[in-house]
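Residue strings, one per chain:
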Amino acid sequence: MEFAELIKTPRADNVVLHRPFYPAVEGTLCLTGHHLILSSRRQDNSEELWLLHSNIDSIEKRFVGSLGTIIIKCKDLRIIQLDIPGMEECLNIASSIEEQHCMGNTHRKQALSTLDSVTLMYPFFYRPMFEVVEDGWHSFLPEREFELLSSVTNEWRLSYVNKEFSVCPSYPPAVTVPKSIDDEALRRVATFRHGGRFPVLSYYHKKNGMVMMRSSQPLTGTNGRRCKEDSALINATLRAGKRGYIIDTRSLNVAQQARAKGGGFEQEVQYPQWRRIHKSVERYNILQESLIKLVEACNDQSHNMDRWLSKLEASNWLTHIKEILTAACLAAQCIDREGASVLVHGTEGTDSTLQITSLAQIILDPRCRTIRGFEALIEREWLQAGHPFQQRCAQSAYSNSKQKWESPVFFLFLDCVWQTLRQFPCSFEFNGHFLIMLFENAYASQFGTFLGNNESERCKLKLPQKTMSLWSWVNQPYELSKFKNPLFEANSLVIWPSVAPQSLQLWEGVFLRWNRSSKFLDEACEEMNNIIEYNKELQAKVNALRRQLAELETDDGMQESS
Amino acid sequence: MEHITTPKVENVKLLDRYTNRKPANGTLYLTATHLIYVDASAEVRKETWILHHHIATVEKLPLTTSGCPLLIHCKNFRVAHFVIGHERDCHEVYTSLLKLSQPVKPEELYAFSYNPKMPKDNREIGWKLIDLKVDYQRMGIPNDFWEITDANKDYEVCNTYPPEIVVPKAANKATVLGSSKFRSRGRIPVLSYLYKENNAAICRCSQPLSGFSARCLEDEQMLQAIRQANPGSPFMYVVDTRPKLNAMANRAAGKGYENEDNYDNIRFKFIGIENIHVMRSSLQKLLEVCETKSPSMSDFLTGLENSGWLRHIKAVMDAGVFLAKAVKEEKASVLVHCSDGWDRTAQVCSLASLLLDPFYRTFKGLMVLIEKEWIAMGHKFSHRCGHLDGDLKEVSPVFTQFTECVWQLMQQFPCAFEFNERFLLEIHDHVYSCQFGNFLGTCHREREALKIFEKTHSLWPFLLQKKQEFRNPLYKGFTAYKELKPNTLPFSFQFWCGMYNRFDKGMHPKQCVLDHLLNCMSQKMKLEDSATDLENKLPFLDGPLPDEVCSLSKIVNASVESSKTPMLNTPQDYESEPPALLTNGAIVEEVDIMPSRDQKNKENFVNHHDLPDLHSTMEVIESDAKKEKLQYQ
């Protein structure tokens, strides 16, 4: 492997590893092209550490005499420490890890300019140890989603106007648009919307036929540019005499300022059938800073109660959760309660817009609360919709790069899902571990699913041919069993979460994961599982007995009568 | 009844604290024991029962266009905001409630009129349900070192202690009496809990009357006797749960704390739990935060921090953990006191027992613990809960804090308790309800004088009857966990929404895991019965053995369907301004609710079987399900 040659010191002996919940262990440290491995040469595998380089968020070195210490902070928020005897060895190891770590991050940061280097990442080398029953790359094709839609309405069509990614570089080749709007009109609308992201269908509410669309901001600029195809497109989704809602994820102020840079918002005069609601949701590196502050607060165990609460407050993380959930609930309320169609957008339509549209679907659509449906939602509303995962998830809570494009947008979405799951513990087919697994894989993974920033990049990277899909692994029965919620009972209703501060909590499964033992909570989950499983078995037994009794009685009856 | 001038007021609105939704409209009734509000505007009849004893404050707010507002704050953290059409009616209800909610004489308390129509014998048996002697026997007492004495039978030693107390055998009567002269209010060191495995004991008392230099030989002998009752340890801890400054200030008044030089082999330690006045104002601040109308996340967290409430909860928990650790790990006995030894001392000793001994985490165990450390040892429930019209400065949420500590432990150890959150809430309700005699008065002597054992009922048998709804389905049994070692880092403490925002149902999870699991448990029993039943029938018939048929596990039966947890759910006001209406101004009135088959009216936790007169005039209370309209807009 070419880059393995770059590693100055591929191994070191007598390294002591410290990590959460395990006693310190001494062993040999090896650096490979993609992993940092510590092996104690003991029988027990739990004494081993396999860490993906791409999971490393930052590194610190410390020296006490000739004993060097490397502190590795991971994107999954874990912190591990390696004590390496000998200053030189330690420095060499540290710089080797740093090189690998930096390389990994350059891939992510400069994804567009150095697409080739992405192909050096682990997913391109990973060979699965399991048999692929269902190739996840083909599990959630837009065509299949459209088929489902066609069974309930014929007002929509699948357009391949973006086949070559020429109309909108961040859209997939196939998008769902109103039937009455032709491709030529779409091309024109694309020139009127930021990044070419013209309004497309996000969700169809079967109950009343109302829809949710998403797009980017209109490019009205300061002189109020118009585009009649644009209003025609969105008006095509309205029933006669009905009004729709535009939910702008920026404050009115920010939206107005956007006009100076050529952006803008829909003016009432040009969109008389639409009512605009500004529901501000924070974006970009402000969110990243919020994450950094929160994790710092969780990791500092010296805080007293007042300091902890004040740090928790100052991080603003829960404020963001409340904002996002509130906006999503509003969108859902417009659709389900007001019986109106909705268009959601912010500036680019790749971040806060997707948080809102995907959460609104979880609230409205029971299918999105199943495992399959949730996977489909992530494919549809995040991956195919062009959320730039590679940029956003380049660094996590220990980042010090402060780059504008790094932002825990998807992480916040998962947290909001967790909050909803906590409030509706019986309405989701998956459990909290499923969400944690997705968080981990979005930031560092052996699978190709979250590589690239959009479909166009994934296509160029040939990810479906060259890497394994996360879904291929997750959807195996054994793996799935770990992610199932025993309390799940299909619930066809709309679920309205509470957004009161008292109802929102710190996602302990992620933020306190490495800071306190979850032994007793895990035991409770197991116990709950046992209770429910036992009942199911009992029920099955009773049913079988009943059926048998009934059969025997019929037999007897027949014998008697014959 | 002489306080009730207007027993019934019509056209009364009940406002919802959190939304702009159209308020409920209905009728307000005043009975001898309850305020009852019947919502006539709801599709389904809905009643709200408020026990007069639960009312903490009644306020008349300035007149508005819609009427005269009456704001009621309850001791169980319910807030009811009524608007009464006529000022006159409002004033009459207001003055009636003021009197009804603040009885002057103990005989006016509900417990003396509460009559659940049970045989007299049952009442007497009920009072015998908890026998503290049995608990001491469980600890192995009497033994070589400890004895149960009736030294206090005429309240000669201490008038706020029970007649029977547990003291070291080595301490003779002279020592006991001598020590009592040197302890504030005669509250001498007595045993609270003995950890049988290593003989380390938790003892409790009040502060010594040491001033700046006073000594008392008998008190020193008393402590020595306690230390020597645990031969395994060369020292004992003396823990003063007050902040050091407070303890020092007490020396000027001739009280204070133990001087390490005067007592053999003691290790003295301050723990720093604040006094009742600090706790009272902390709770006040917390409740203001909880009551804020649509606060931002920042407002809430800042308010939570500024209230100091969780800081105090953590302080109590830390102290309990310290005691448990000293006993279990250092094998050392601990003597605990604060000022009078009936507030912080009660909290800390009972918490330590709960951490050390799984028995106290059972139904019976928690009852024993409360009887022993709180009721018998003279926690002044009557004053702390403001049962009677009296000094407001004596009121303090000391027991509430203990209840919360137990709840915090239940969050960390979900399988370690036999009971669930509702059990705690029910006990907490009855501490204030005065429906049962247990919590009346301030000490055993006073309860005897009130004749509560002859005239009132005990709470415990009443709770045991409702055991099924109070049990924790995840409980792993007595032996699963021995001592608990909770994490006491700040992030391990949660805000207890179920207590302080208990009546704001919209804030709680919309599906209740507890209900779901309780359903599973009751279903399990039914299924096991029918399985046995069917198996008994089968052998009389010919055919394949049941096991062969069991593979048909996929069959879903109707009874599984019925276990579905009811979900109460409608959207709240997600837009800060009034909700956007359609052009035609219509609000879609659709109910996304699954009516439950066995809805219980959780609003009125205090049972009212004893009100047949009113009961007959009112229809049976209907489901909670549709009342959701109140919770949101």
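These figures come from a predicted structure and were not determined experimentally.

1. Remarks on the overall build of chain A
Phase 1 of the analysis: Secondary structure summary: chain A contains 20 helices and 14 strands in total.
Phase 2 of the analysis: Radius of gyration (C-alpha) of chain A: 26 Å, near the 24 Å computed for a compact globule of 562 residues.
Phase 3 of the analysis: Over its C-alpha atoms, taken along the principal directions, chain A stretches across nearly 90 × 80 × 50 Å.
Phase 4 of the analysis: A buried classification covers 63% of the 562 residues belonging to chain A.
Phase 5 of the analysis: By sequence separation, contacts in chain A at least 24 residues apart represent 70% of the contacts at least 6 residues apart.
Phase 6 of the analysis: Split by element, the accessible area of chain A, about 21700 Å² in all, is 51% carbon and sulfur.
Phase 7 of the analysis: A distance of 8 Å separates the average location of the 63 positive side-chain charges in chain A from that of its 67 negative side-chain charges.

2. Things to note about the pattern of salt bridges
Residues and elements named next belong to chain B.
Phase 1 of the analysis: According to the stated counting rule, one finds 57 salt bridges over all chains in the structure shown.
Phase 2 of the analysis: A salt bridge links Asp135 to Arg138; the shortest N-O distance between them is 2.8 Å. Here Arg138 and Asp135 lie together in helix 3 (residues 132-138), a separation of three residues that amounts to about one turn.
Phase 3 of the analysis: Between Arg204 and Glu373 there is a salt bridge, with the nearest N and O atoms lying 2.8 Å from each other. Here Glu373 lies in helix 11 (residues 363-376) and Arg204 lies in strand 11 (residues 200-205), a separation of 169 residues in the sequence.

3. Focus on the interface of chain A and chain B
Phase 1 of the analysis: Each partner contributes to the interface: chain A provides 78 residues, whereas chain B provides 86 residues.
Phase 2 of the analysis: Among the residues of chain A in contact with chain B, Met305(A), Arg337(A) and Gln502(A) are the three that bury the most area, contributing 10% of the side total.
Phase 3 of the analysis: Between the two partners, chain A and chain B, sit three salt bridges.
Phase 4 of the analysis: In this structure, the connection of chain A to chain B is made through twelve residue pairs in polar contact (both at pLDDT 80 or more).
Phase 5 of the analysis: Of all the secondary-structure elements, those providing two or more residues to the side of chain A that touches chain B are strand 13 (274-278), helix 8 (305-315), helix 9 (317-336), helix 13 (409-423) and helix 20 (519-561) of chain A.
Phase 6 of the analysis: If you tally residues by element for the side of chain A that touches chain B, the top one is helix 20 of chain A, at 24 residues.
Phase 7 of the analysis: Its residues assigned to classes, the side of chain A that touches chain B comprises 39 nonpolar, 20 polar and 19 charged.

4. Structural notes on the sheet that holds strand 1 (residues 11-19) of chain A
Residues and elements named next belong to chain A.
Phase 1 of the analysis: The sheet built from seven strands is open, its strands ordered 4-3-2-1-7-6-5 with antiparallel pairing. Each edge of the open sheet carries a strand with a single partner, namely strand 4 (49-52) and strand 5 (56-64). Across the sheet, the axes of successive neighbouring strands diverge by a mean angle of 30 degrees, strand direction being ignored.

5. Digging into the UniProt feature "active site" (unreviewed entry) in chain B
All names here are of chain B.
Phase 1 of the analysis: The UniProt record marks Cys338 with the feature "active site" (unreviewed entry), using the residue numbering of this structure.
Phase 2 of the analysis: Within the secondary structure, Cys338 sits in the loop between strand 14 (333-337) and helix 10 (344-356).
Phase 3 of the analysis: If we skip the residues at most four places from it in the chain, Cys338 touches Cys205, Gln207, Asp240, Thr241, Arg242, Asp343, Arg344 and Thr345.

6. Remarks on the environment of Val12(B)
Residues and elements named next belong to chain B.
Phase 1 of the analysis: With respect to the secondary-structure elements, Val12 resides in strand 1 (residues 8-15).
Phase 2 of the analysis: Residue class for Val12 comes out buried when judged on its relative accessible area of 0%.
Phase 3 of the analysis: In this structure, Val12 is in contact with Ala24, Asn25, Gly26, Leu28, Tyr37, Phe82, Val83 and Ile84, ignoring residues within four places of it in sequence.

7. Brief notes about the UniProt feature "coiled-coil region" (unreviewed entry) in chain A
Phase 1 of the analysis: The positions that UniProt labels "coiled-coil region" (unreviewed entry) are, in the present scheme, residues 521-555 of chain A.
Phase 2 of the analysis: Here residues 521-555 of chain A runs as 100% helix and 0% strand, with 51 Å between its end C-alpha atoms.

8. Let's talk about the UniProt feature "domain: Myotubularin phosphatase" (unreviewed entry) in chain A
Phase 1 of the analysis: As annotated in UniProt, the feature "domain: Myotubularin phosphatase" (unreviewed entry) corresponds to residues 136-511 of chain A in the numbering used here.
Phase 2 of the analysis: Across residues 136-511 of chain A one finds 43% helix and 9% strand; the C-alpha atoms that close the span lie 29 Å apart.

9. A few points about unusual backbone geometry
Phase 1 of the analysis: Residue Pro142(B) follows Ile141(B) across a cis peptide bond; omega there is 5 degrees.
Phase 2 of the analysis: Note that Pro142(B) resides in the loop between helix 3 and strand 8 (146-149).
Phase 3 of the analysis: Despite not being glycine, Tyr284(A) has its phi angle at roughly 55 degrees, a positive value.
Phase 4 of the analysis: Secondary-structure assignment places Tyr284(A) in the loop between strand 13 and helix 7 (285-299).
Phase 5 of the analysis: Positive phi values are uncommon outside glycine, yet Cys434(B) reaches one of about 60 degrees.
Phase 6 of the analysis: What makes Cys434(B) buried here is its relative accessible area of 1%.

10. Some details on the nonpolar core
Phase 1 of the analysis: The biggest cluster of nonpolar side chains holds 235 residues, and the ones touching the most others in it are Phe374(A), Phe511(A) and Tyr500(B).
Phase 2 of the analysis: Those residues in contact with Phe374(A), other than ones at most four positions away along the chain, are Ile362(A), Arg367(A), Cys368(A), Phe413(A), Leu414(A), Val417(A), Phe430(A), Phe434(A), Leu435(A) and Leu438(A).

11. Brief notes about the UniProt feature "domain: Myotubularin phosphatase" (unreviewed entry) in chain B
Phase 1 of the analysis: When the UniProt feature table is mapped onto this chain numbering, "domain: Myotubularin phosphatase" (unreviewed entry) sits at residues 126-500 of chain B.
Phase 2 of the analysis: The straight-line gap between the two end C-alpha atoms of residues 126-500 of chain B is 31 Å; of that span, 45% is helix and 9% is strand.

12. Quick notes on the sheet that holds strand 11 of chain B
Backbone hydrogen bonds are what pair the strands of a sheet, in a parallel or an antiparallel way.
Residue and element names in this part refer to chain B.
Phase 1 of the analysis: One open sheet holds the five strands; their spatial order is 10-11-14-12-13, and the pairing between them is mixed. The open sheet terminates on both sides in strands that have one partner only, identified here as strand 10 (190-195) and strand 13 (266-270). Strand-to-strand, the axes of this sheet are offset by a mean angle of 20 degrees, without reference to chain direction.
Phase 2 of the analysis: With four bridges connecting them, strand 11 and strand 14 associate as parallel partners. Bridge pairing links Cys203 to Leu335 in strand 14.
Phase 3 of the analysis: In the packing of helix 5 (residues 217-228) onto the sheet, the strands contacted are strand 11, strand 12 (236-240), strand 13 and strand 14, and the crossing angle to strand 12 comes to about 125 degrees.

13. Topic: a nonpolar patch on the surface
Residue and element names in this part refer to chain A.
Phase 1 of the analysis: A cluster of nonpolar residues, Phe63, Met87 and Leu91, forms a patch on the protein surface that exposes about 250 Å² of accessible area.
Phase 2 of the analysis: Among the secondary structure elements, Phe63 is positioned in strand 5.
Phase 3 of the analysis: Residue class for Phe63 comes out partly exposed when judged on its relative accessible area of 33%.

14. Considerations on the pairing of strand 2 (residues 22-31) of chain A
In regular strands, side chains alternate between the two faces of the sheet.
Residue and element names in this part refer to chain A.
Phase 1 of the analysis: Relative to strand 2, strand 1 is paired through six bridges, and the arrangement is antiparallel. Residue pairing in the sheet places Val16 in a bridge with Glu26 of strand 2.
Phase 2 of the analysis: In sequence, strand 1 turns back onto strand 2 through a hairpin of two residues, with Phe21 there showing a positive phi of about 70 degrees.
Phase 3 of the analysis: For strand 2 and strand 3 (residues 35-39), the ladder comprises four bridges, and the chain directions are antiparallel. Directly across from Leu31, in strand 3, lies its bridge partner Leu36.
Phase 4 of the analysis: Linkage of strand 2 to strand 3, two consecutive antiparallel strands, is achieved through a turn of three residues.

15. Topic: the state of the cysteines
Residue and element names in this part refer to chain B.
Phase 1 of the analysis: Scanning all chains against the criterion turns up zero disulfides over all chains.
Phase 2 of the analysis: The thiol of Cys203 is unpaired, and the distance to the nearest cysteine sulfur, on Cys205, comes to 8.5 Å.
Phase 3 of the analysis: Overall, Cys203 belongs to the buried group, its relative accessible area being 0%.

16. A word on helix 11 of chain B
Residues separated by three or four positions in an α-helix point in the same direction, a consequence of the helix having 3.6 residues per turn.
Residues and elements named next belong to chain B.
Phase 1 of the analysis: The end-to-end C-alpha distance of helix 11, which contains 14 residues, comes to 18 Å, matching closely the 20 Å that a straight helix rising 1.5 Å per residue would cover.
Phase 2 of the analysis: Taking burial as the measure, the 14 residues of helix 11 include 13 buried ones, the bulk of the element.
Phase 3 of the analysis: Within two residues after helix 11, Gly378 carries a phi angle of roughly 80 degrees, on the positive side.

17. Considerations on the packing of aromatic side chains
Phase 1 of the analysis: Under the defined criterion, the tally for this structure stands at 59 aromatic pairs over all chains.
Phase 2 of the analysis: Ring centres of Trp317(A) and Phe411(A) lie 5.3 Å apart, and the angle between their planes is 65 degrees; on these two criteria the pair is classed as edge-to-face. Placement of Trp317(A) in helix 9 and of Phe411(A) in helix 13 is noted, with a sequence separation of 94 residues between them.
Phase 3 of the analysis: What makes Trp317(A) buried here is its relative accessible area of 1%.
Phase 4 of the analysis: A relative accessible area of 1% places Phe411(A) in the buried class.
Phase 5 of the analysis: With a centroid separation of 5.1 Å and 90 degrees between ring planes, the pair formed by Trp374(B) and Phe399(B) is classed as edge-to-face. Separated by 25 residues along the polypeptide, Trp374(B) in helix 11 and Phe399(B) in helix 13 (residues 398-412) bring together distant segments of the chain. This pair shows no difference in class: Trp374(B) is buried, exactly as Phe399(B) is.
Phase 6 of the analysis: An aromatic cluster of three or more residues is present, and its members are Phe374(A), Trp382(A), Phe389(A), Phe410(A), Phe413(A), Phe428(A), Phe430(A), Phe434(A), Phe450(A) and Phe483(A).
Phase 7 of the analysis: Positioned above the aromatic ring of Phe322(B), the side-chain terminus of Lys269(B) is 4.8 Å from the ring centre.

About the thresholds
- All residue numbers refer to position in the chain's written sequence, counted from 1.
- Written order decides the labels, with chains lettered from A and ligands numbered from 1.
- It should be noted that, the model being predicted, local features are given only for residues of pLDDT at least 70 and side-chain atom pairs only at 80 or more, the latter also being counted only at that level, while totals for whole chains, interfaces and linings use all residues.
- Heavy atoms from the whole structure form the basis of all side-chain values; hydrogens and water molecules are not counted.
- Secondary structure elements follow DSSP: runs of H or I of four or more residues count as helices, runs of E of two or more count as strands, with numbering from the N terminus.
- Atoms considered for the radius of gyration are the C-alpha atoms alone. The globule rule reads 2.2 Å times the number of residues to the power 0.38.
- Exposed residues in this analysis have more than 50% of their type's maximum accessible area, buried residues have under 20%, and partly exposed residues fall in between, with area computed by a 1.4 Å probe over protein chains only.
- Any pair of residues with heavy atoms lying within 4.5 Å of one another is described as a contacting pair.
- Surface accessibility in these figures is a Shrake-Rupley result with a 1.4 Å probe; residues are shielded only by whichever protein chains are displayed.
- The positive count covers Lys and Arg only, the negative count covers Asp and Glu only, and His and the chain ends enter neither.
- Throughout, a charge is located at the NZ atom of Lys, the CZ atom of Arg, the CG atom of Asp or the CD atom of Glu.
- Here a salt bridge means any side-chain nitrogen of Lys or Arg lying within 4 Å of a carboxyl oxygen belonging to Asp or Glu.
- The term buried area refers to how much accessible surface (probe radius 1.4 Å) is lost by two components on association, counted for both of them together.
- Polar contacts here mean pairs of N or O atoms no more than 3.5 Å apart (in protein, one a potential hydrogen donor and the other a potential acceptor; neighbouring residues in sequence count only if both atoms are side-chain atoms).
- Under the scheme applied here, ten amino acids are nonpolar (Ala, Val, Leu, Ile, Met, Phe, Trp, Tyr, Cys and Pro), four are charged (Asp, Glu, Lys and Arg), and all others, including Gly, are polar.
- Two strands pair under a simple rule: DSSP has to find at least two bridges between them.
- Here, axes are lines fitted to C-alpha atoms. For helices the fit covers the stretch in contact, and angles between N-to-C directions go from 0 to 180 degrees.
- UniProt positions are given in the numbering used here, feature names are shortened, and annotations may be inferred rather than shown by experiment.
- Think of a nonpolar core as a cluster: buried Ala, Val, Leu, Ile, Met, Phe, Trp, Tyr and Cys residues, connected wherever their side-chain atoms sit within 4.5 Å.
- Note that patches include only residues with greater than 30% relative accessible area and no salt bridge, and the join distances are 9 Å for like charges and 5 Å for nonpolar side chains (Val, Leu, Ile, Met, Phe, Trp, Tyr).
- Any two cysteine sulfur atoms within 2.5 Å of one another count as a disulfide.
- Take the number of residues in a helix, subtract one, and multiply by 1.5 Å to get its expected span.
- Side-chain rings of Phe, Tyr and Trp, where Trp is taken by its six-membered ring, are said to pair if the distance between their centres is within 6.5 Å; with planes under 30 degrees apart they count as stacked, over 60 as edge-to-face, and otherwise as tilted.
- By the criterion adopted, a ring carries a charge over it if an Arg CZ or a Lys NZ lies within 6 Å of its centre and within 35 degrees of its normal.

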